Amino acid sequence: MAARRRAALAGLGVAVLAALPGGARAGTDWNRPELATELFFDWALSTRDAETQQAEWRLDPRIDWQGPFDIALTAIGRVRADIRDELEPGQPSQATRSDANRRGFVSDRVDAELRELYLDGSVGPVSMRAGKQQVVWGKADGLKVLDVVNPQSFREFILDDFEDSRIPLWLLNAEWAIGDALLQLLWIPDKTYHELPEARALWAFTAPRFRPSPPPGVGLVVEDPERPSRFFEDSDAGVRLSAFVGGFDLTLNYLYLYDDIPVPFRRLELTPMGPRVVVTPGYERTHLVGGTF
């Protein structure tokens, strides 16, 4: 793979009050929604031959609204237009995303998605956030040891910022203060997993784990991953206990999840054209236990 040099312009940070229906009303604590928009331009070229690999405009609109009873709504969208169309040639299958978490494609070069949409509120001592969101575990810069609640898009390999490469999930996030400690509970019914570049993509993975190669004379068929489909039984769940003890921030984390990288299950088939290997990727359960200090 060619090394890349990136240039990014973060422009147009605008915050305005949007006078939308259902805004401020006399005698209530409702507020008008606040609209913020950011416009980015990413340009990337190969240091090997100076060829442009990416020339992308990205628009990220955001709406924040404070409603009654301490309820807050946040919505974040994204529209991208890549002139080169080399990171994801054509329109990817999105086979690793749930139906409720897929992007919409205007054309091969333009896509749009609802990045995040969640409600914040509280029930007694429990603070809750419900909707499509990111949950970040762990503090190590540049490493994703415990930061595995959200799957990752490898559209730009590992060059993108974590905040942009994480795929937000539909989940319920509850936090409960217990003395000086904070207990966090997660329920994740969204069956979305790592988004790996497809075969024609610029950063397509070529390791045998992802692109198996059969012996000479043997055909190969790679099927789409088989995602878990049961709503409750196949949900992920997690718990984190955090506290400030003796000058240290300590956490103990546990996550019961499907590994975001599928296992390439193989079977040999005999056909009139000769033998072939059929690869059907599938996701396996795993337990993550860890901590930070």
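Before going into details, it helps to say that this report is about the structure given with it. (Residues numbered from 1 in each chain as written. Predicted model: local features only at pLDDT ≥ 70, side-chain atom pairs only at ≥ 80, totals over all residues. Heavy atoms only, no water.)

Some words on the pattern of salt bridges
The cut-off we apply is this: Salt bridges are defined by distance alone: a side-chain nitrogen of Lys or Arg within 4 Å of a carboxyl oxygen of Asp or Glu.
Following the criterion strictly, the structure yields 27 salt bridges and no others. Across the pair arginine 115 and glutamate 113 runs a salt bridge, and its minimum N-O distance is 4.0 Å. With a closest N to O distance of 2.6 Å, arginine 129 and aspartate 120 form a salt bridge. Connected through shared salt-bridge partners, Glu56, Arg80, Asp82, Glu88, Arg97, Arg103, Asp111, Glu113, Arg115, Arg155, Glu156 and Glu195 make up one network.

A word on the packing of aromatic side chains
Condition: To pair, rings of Phe, Tyr and Trp, with the six-membered ring standing in for Trp, must have centres within 6.5 Å; the planes then decide the type, stacked if under 30 degrees apart, edge-to-face if over 60, and tilted in the middle. Going along the chain from the N terminus, every DSSP run of H or I of four or more residues is numbered as a helix, and every run of E of two or more is numbered as a strand. Type-normalised accessible area, obtained with a 1.4 Å probe on protein chains alone, sets the label of each residue: buried when under 20%, exposed when over 50%, and partly exposed for intermediate values. Note on criteria: charge over ring means Lys NZ or Arg CZ within 6 Å of the ring centre, with the direction from the centre no more than 35 degrees off the ring normal.
Here the structure, examined in full by the defined rule, presents 10 aromatic pairs. Pairing phenylalanine 154 with phenylalanine 205 gives two aromatic rings, centres 5.6 Å apart and planes at 70°, and the pair type is edge-to-face. With a gap of 51 residues between them, phenylalanine 154 in the loop between strand S7 (126-133) and helix H1 (162-165) and phenylalanine 205 in the loop between strand S9 (181-188) and strand S10 (219-222) connect regions that are remote in the sequence. Looking at phenylalanine 154, the relative accessible area reads 12%, which means it is buried. Between tyrosine 193 and tyrosine 283, the ring centres sit 4.2 Å apart and the planes meet at 25°, which makes this aromatic pair stacked. Here tyrosine 283 lies in the loop between strand S14 (274-282) and strand S15 (285-292) and tyrosine 193 lies in the loop between S9 and S10, a separation of 90 residues in the sequence. A network of ring pairs unites the aromatic residues Phe154, Phe157, Trp203, Phe205 and Phe210 as a single cluster. Above the plane of the ring of phenylalanine 162 lies lysine 144, whose end atom (NZ or CZ) is 4.7 Å from the centre.

Thoughts on unusual backbone geometry
Positive phi values are uncommon outside glycine, yet aspartate 70 reaches one of about 60°. Here aspartate 70 is to be found in the loop between strand S3 (52-66) and strand S4 (72-82). Among the residues examined, aspartate 70 registers a relative accessible area of 60% and is labelled exposed. Here the phi dihedral of aspartate 85 falls at roughly 55°; this positive angle occurs in a residue that is not glycine.

Topic: the layout of surface pockets
Under the convention used in this document: The method works on a 1 Å grid over the protein atoms by themselves. A cavity is a set of points holding a 1.4 Å probe that cannot get out, a pocket is an open set with protein on both sides within 12 Å along at least five of seven lines, and residues with an atom within 4 Å of a point line them. Grid points are joined across faces, edges and corners, and a volume is the space filled by probe spheres set on the points. Under this grouping Gly is polar, as are all residues other than the nonpolar Ala, Val, Leu, Ile, Met, Phe, Trp, Tyr, Cys and Pro and the charged Asp, Glu, Lys and Arg.
Looking at the largest pocket, its volume works out to about 680 Å³. In terms of lining residues, the largest pocket is bounded by 36 residues, among which Leu196, Pro197, Glu198, Arg211 and Pro225 are the most central. Breaking the lining of the largest pocket down by element, the ones donating at least two residues are strand S13 (263-271) and S14. Looking at side-chain class alone, the lining of the largest pocket contains 20 nonpolar, six polar and 10 charged residues. As for the second largest pocket, its lining consists of 28 residues, and the residues nearest its centre are Arg62, Ile76, Glu116, Gln134 and Glu163. Elements with a contribution of two residues or more to the lining of the second largest pocket: strand S1 (4-17), strand S2 (34-46), S3, S4, strand S6 (110-123), S7, H1 and strand S8 (169-178). Among the elements that line the lining of the second largest pocket, the one with the most residues is S2, at five residues. Taken together, the residues of the lining of the second largest pocket break down into seven nonpolar, five polar and 16 charged.

Points about empty space enclosed by the protein
Within this structure, the stated rule accounts for three cavities of 30 Å³ or more. Taken as a whole, the largest cavity holds about 110 Å³ of empty space. Looking at the largest cavity, it is lined by 15 residues, and the ones nearest its centre are Arg80, Ser153, Arg155, Asp164 and Ser165. Among the elements of the structure, S4, S6 and H1 are those that each provide at least two residues to the lining of the largest cavity. For the lining of the largest cavity, the residue count by class is one nonpolar, two polar and 12 charged. Estimates place the volume of the second largest cavity at around 90 Å³. Asp85, Glu88, Asp108, Asp111 and Arg155 are, among the 15 residues lining the second largest cavity, the residues nearest its centre. Among the secondary structure elements, those contributing two or more residues to the lining of the second largest cavity are S4 and S6. Considering each element in turn, the lining of the second largest cavity owes the most residues, three residues, to S4. Among the residues making up the lining of the second largest cavity, the classes are represented as five nonpolar, one polar and nine charged.

A word on a nonpolar patch on the surface
To be explicit about the condition: Patch building starts from residues that exceed 30% relative accessible area and form no salt bridge, then joins like charges within 9 Å and nonpolar side chains (Val, Leu, Ile, Met, Phe, Trp, Tyr) within 5 Å. For accessible areas, the Shrake-Rupley method is used with a probe of radius 1.4 Å. Any residue's cover is judged against the shown protein chains and nothing else.
Together, Val245, Phe248, Leu250 and Phe293 make up an exposed nonpolar region whose accessible area comes to about 450 Å². Tracing the chain through its elements places leucine 250 in strand S12 (residues 248-258). Judged by its relative accessible area of 33%, leucine 250 falls in the partly exposed class.

What about the environment of proline 92?
The condition that has to hold: Contacts are residue-level and defined by heavy atoms, with any inter-residue pair within 4.5 Å sufficient.
You can see proline 92 is positioned in the loop between S4 and strand S5 (104-105). Expressed as a C-alpha distance, the spacing of proline 92 and phenylalanine 105, which sit 13 residues apart in the sequence, is 9.4 Å. When neighbours within four sequence positions are excluded, proline 92 is seen to be in contact with Arg103, Phe105 and Glu198.

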